[in-house]
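# Secondary and tertiary structure notes
For reference, the chains in residue letters:
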Amino acid sequence: MQPPRWDDPIGSACREAEATILRGLQVRPTLYGFVDDEPVIRVQPGVVALSGDMDAAMQHLAVVPTVLGIEQVLVFGHARLTDPEIGDDHLRDALATYAIDVEVGRREGGEVVTDVHMVEREVEDGEVRWQPPTELEEGGWTDLLRYALAPPRRVLDLPPVSAACLAYGLSRWGTVVEVAPGWRERFGMDRLDRRDVRPIDRRRVRDLTRRRGTARRSTQEVGS
Amino acid sequence: MKGRPTWETYEAWLTGFLDTPDADLLEAPLAMIFTGGHADWLIDARPERPDDEVDPLTELAVVVGELAPDAAVVAAPVRIRDLHEADAPIVSRTWVVTSYAHRADGEGYDLRTRTLPVDGIGSASDLDVEHGPVASVLDDAIRNRLGVAPVHALYTAVSWGHQLMVDGSGEVDLDLSAGAPADAPASGGTRAAEAARHRLGRHARDLATRHQPTAGWPQPLRRPAVHASTPDGWQAACPI
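In this numbering scheme, every chain counts its residues from 1 along its sequence in written order. Chain A is the first chain written and ligand 1 is the first ligand written, with later ones labelled in order. Restriction of local features to residues with pLDDT of at least 70 applies here, the model being predicted, together with a cutoff of 80 or more for giving and counting side-chain atom pairs; totals for whole chains, interfaces and linings are based on all residues. Side-chain figures throughout are based on the complete set of non-hydrogen atoms in the structure, without hydrogens or water.

## Considerations on the overall build of chain A
A tally of helices and strands in chain A yields eight helices and eight strands. Principal-axis analysis of the C-alpha atoms places the extent of chain A at approximately 70 × 40 × 35 Å. Classification of residues uses two cut-offs on accessible area relative to the type maximum, computed with a 1.4 Å probe and protein chains only: under 20% is buried, over 50% is exposed, and between them is partly exposed. Burial analysis of chain A (224 residues in total) assigns 44% to the buried set. It only takes one pair of heavy atoms within 4.5 Å for two residues to be counted as in contact. Contacts in chain A between residues at least 24 apart in sequence constitute 60% of all its contacts with a sequence separation of at least 6. Computed with a 1.4 Å probe, the accessible areas rest on the Shrake-Rupley method; for each residue, only the protein chains presented here act as cover. Summed over all atoms, the accessible surface of chain A reaches about 12300 Å², with 49% contributed by carbon and sulfur. Here a strand is any run of E in DSSP of at least two residues, a helix any run of H or I of at least four, and the numbering for each starts at the N terminus.

Pasting the structure below:
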């Protein structure tokens, strides 16, 4: 599976959504962070975040660009479109169509610039048929983008959250966080400390630290 | 059921199994290990016991993750009862199947959870992957393998009380020089096999505890993330 591309966010987001749509499942809100136009991180809440508390799912997504200082974000997910002019609730729901909401945000100076597109889709004969995208002013994730990409403000005088704790914490709560090759080290997500994790996870952190120590020692021997 | 299940036919095989007389004895999960599209091994899980530190499903997932085959399936039986007559016999049965498949033309693997037809009606359908009872454990076991030799992983499965079944007619590509798994409980196995069993036992207990629903919430779905479709070449951000 290829990650989306900054130069074709709508097409590539829809391609990623297709497999899920063809399985009859709802496309979960999925966030990709880009650095210098390359995708580096993928975040997707687990199903339990969607069934109970969509706000928590949104927060899990929004915190990633904020903490990591990412300035280019793509978010896409399932959208259900109803016609507000239909008076009857049941009829309006029955005639609903389904779409993917694709939103791109980037920070330009002190401003957050967003692009929102809705792409309606139907499934026919085992294939997804996409309508041409419709541009919108606002979508379901626009607030999230504006919040996540806002220039950093120091609200409280707290130590910054480490990228490693962020990745660990979100994963424990069922949110998938994945990174492009080399970026786990670049973000510092491999630098977990025993004190940052639950007791049950400490053995693994200890093994990880040992392996890292061995790797560093052998690299030094090679270099000297 | 005749013949080895293949990657294309295992769902029909599992559904058909429910029509056989043995289906009423079916209380335990089943794992299938595929190589080159054919199921080399079936592992029939041991019954659950009240004093289990690790449940049989988690043990299966740990062994499957350790074997790291081309593809595998962990199938949990589902018993369907009438809500209004909970004491009456089971109305029907099906399976919830979590499958793992190495990507042929890329890096990484895919995980899916599907439910199979009930009474042969309809077709199999996908569920969100977390609905598989061991989806998160299987994902974790695959990504954090101990590196135990396959024959030792199978030896461990047998020593835990699971049953291995292999179709005698085909070629099974597995080095059995450490001793045939079927002999394991009686002979005690080599020292290497015992050491591997000890490590896997600790690993299984760790996994069972790590994948308990997150503290404070009884929902069975609130567990660590399942990396069901990672982009090619990417990895989980959290290294543990």
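Continuing now.
## A look at the confidence of the model for chain B
All names here are of chain B. Across chain B, the average pLDDT comes to 84, with 84% of residues at 70 or higher. For every residue, the predictor states its confidence as a pLDDT score lying anywhere from 0 to 100. No element of chain B has a lower mean pLDDT than helix α5 (residues 184–187), which averages 47, and none a higher one than strand β8 (residues 235–236), which averages 96. In this model residues 175–186 is a low-confidence stretch, pLDDT under 50, and it forms 15 contacts with partners more than four residues away in sequence or in other chains. Predicted as a complex, the structure gets a pTM of 0.88 and an ipTM equal to 0.89.

## A word on the packing of aromatic side chains
Two numbers describe a pair of aromatic rings. These are the distance of the centres and the angle of the planes. Aromatic pairs are defined between Phe, Tyr and Trp rings, using the six-membered ring for Trp, whenever the two ring centres lie within 6.5 Å; interplanar angles under 30 degrees are classed as stacked, those over 60 as edge-to-face, and all others as tilted. In the structure shown here, the tally under the stated rule is eight aromatic pairs over all chains. Ring plane angle 55 degrees and centroid distance 5.7 Å describe the contact between B:Y10 and B:F34, whose orientation is recorded as tilted. Taken as a pair, B:Y10 in helix α1 (residues 10–17) and B:F34 in strand β1 (residues 30–35) lie far apart in primary sequence, 24 residues in all. In this pair, the class of B:Y10 matches that of B:F34, namely buried. Where B:W13 meets B:F17, the ring centres are 5.8 Å apart and the plane angle is 15 degrees; that geometry is what we call stacked. Residue B:W13 and its partner B:F17 are both found in helix α1; the two are separated by four residues, about one turn of the helix. Taken as a pair, B:W13 and B:F17 share a single burial class, namely buried. What links up through ring pairs into an aromatic cluster is the set B:W7, B:Y10 and B:F34. For a lysine, the NZ atom is tested; for an arginine, the CZ atom; a charge sits over a ring if that atom is within 6 Å of the ring centre and within 35 degrees of the ring normal. One cation-aromatic arrangement involves A:R186 over A:W183; the distance from NZ or CZ to the ring centre is 3.9 Å.

## Notes on the packing of helix α2 (residues 56–67) of chain B against helix α6 (residues 191–210) of chain B
All names here are of chain B. Where α2 meets α6, the axes come as close as 10 Å, and the angle between the chain directions of the two elements is 120 degrees. Of the possible angle classes, the one that applies to α2 and α6 is oblique. Relative to α6, α2 is oriented so that their crossing is right-handed. Within the contact between the two elements, α2 uses T58, V62 and E66 and α6 uses L200, H203, A204, L207 and A208. For the contact of α2 with α6, the per-class residue count stands at five nonpolar, two polar and one charged. Think of each axis as a best-fit line through the C-alpha atoms, taken over the contacting stretch in the case of a helix, with angles from 0 to 180 degrees between the N-to-C directions. Angular relationships are summarised with four words: roughly parallel below 35 degrees, roughly antiparallel beyond 145, roughly perpendicular across 65 to 115, and oblique for the angles in between. Here a crossing is taken to be left-handed if its near helix is turned anticlockwise relative to the far helix by less than a right angle, and right-handed if that turn runs clockwise. Classification used: nonpolar for Ala, Val, Leu, Ile, Met, Phe, Trp, Tyr, Cys and Pro, charged for Asp, Glu, Lys and Arg, polar for all others including Gly.

## Points about the interface of chain A and chain B
Listed per partner, the contact involves 38 residues of chain A and 37 residues of chain B. The largest share of the area that chain A buries against chain B comes from A:M1, A:R23 and A:R204, three residues that together contribute 20% of it. One salt bridge connects B:D128 with A:R28, and the closest N-O pair in it is separated by 3.2 Å. Pairing of N or O atoms within 3.5 Å defines a polar contact, subject to two protein rules: one partner must be a possible hydrogen donor and the other a possible acceptor, and residues neighboring in sequence count only if both atoms are side-chain atoms. Our enumeration of links across chain A and chain B arrives at 15 residue pairs in polar contact (both at pLDDT 80 or more). Only β2 (38–44), α2 (47–51), α6 (163–172), β8 (176–179) and α8 (202–223) of chain A provide two or more residues apiece to the side of chain A that touches chain B. The buried area of a pairing is the accessible area, by a 1.4 Å probe, that goes missing from both parts when the two are put together, added over both. Here, a salt bridge means any Lys or Arg side-chain nitrogen found within 4 Å of an Asp or Glu carboxyl oxygen.

## Quick notes on α6(B)
To estimate the expected span of a helix, subtract one from its residue number and multiply by 1.5 Å. Between its terminal C-alpha atoms α6(B) stretches 29 Å, which fits the 28 Å expected from 20 residues at 1.5 Å a residue. If you check which residues of α6(B) are buried, you get B:A193, B:A196, B:L200, B:G201, B:H203, B:A204, B:D206, B:L207, B:A208 and B:R210.

## Digging into the pairing of strand β2 (residues 38–44) of chain B
Residue and element names in this part refer to chain B. Counting buried positions along β2 yields five of seven residues, so the element is predominantly enclosed. Sheet topology note: the β1/β2 ladder contains six bridges and is antiparallel. From the neighbouring strand, F34 faces β2, where its bridge partner is A39. Each pair of strands is called paired provided DSSP finds at least two bridges between the two strands. Hairpin connection, β1 to β2: the antiparallel pair is bridged by two residues, and G36 has positive phi, about 55 degrees. With four bridges joining them, β2 and strand β7 (residues 163–166) adopt antiparallel strand pairing. What sits directly across from D44, in β7, is Q163.

## Looking at the environment of B:G161
Residues and elements named next belong to chain B. In this fold, G161 is placed in the loop between α4 (150–159) and β7. Overall, the relative accessible area of 39% leaves G161 in the partly exposed class. Here the alpha-carbon distance between G161 and S99, two residues 62 residues apart in the chain, equals 23 Å.

## What to know about the packing of α2(B) against α4(B)
Residues and elements named next belong to chain B. Packing of α2 against α4 brings their axes to within 9 Å, and their N-to-C directions diverge by 170 degrees. The angle between α2 and α4 falls in the class roughly antiparallel. Residues V63, E66 and L67 of α2 form the contact with α4, whose own contacting residues are P150, A153, L154 and A157. Its residues placed into classes, the contact of α2 with α4 shows six nonpolar, no polar and one charged.

## Let's talk about the nonpolar core
What we call a nonpolar core is a set of buried Ala, Val, Leu, Ile, Met, Phe, Trp, Tyr and Cys residues that are connected through their side-chain atoms within 4.5 Å. With 53 residues, the main nonpolar core has A:I41, A:L68, A:F76, A:V102, A:F187, A:M189 and A:L192 as its most contacted residues. It is α6(A) that provides the largest number of residues to this core, a total of six residues. The residues touching A:L192, leaving out its near neighbours within four places in the chain, are A:A164, A:C165, A:Y168, A:V197, A:V205, B:C238, B:P239 and B:I240. In this structure, B:I33, B:V62, B:Y109 and B:A204 belong to the second largest nonpolar core, which totals 39 residues.

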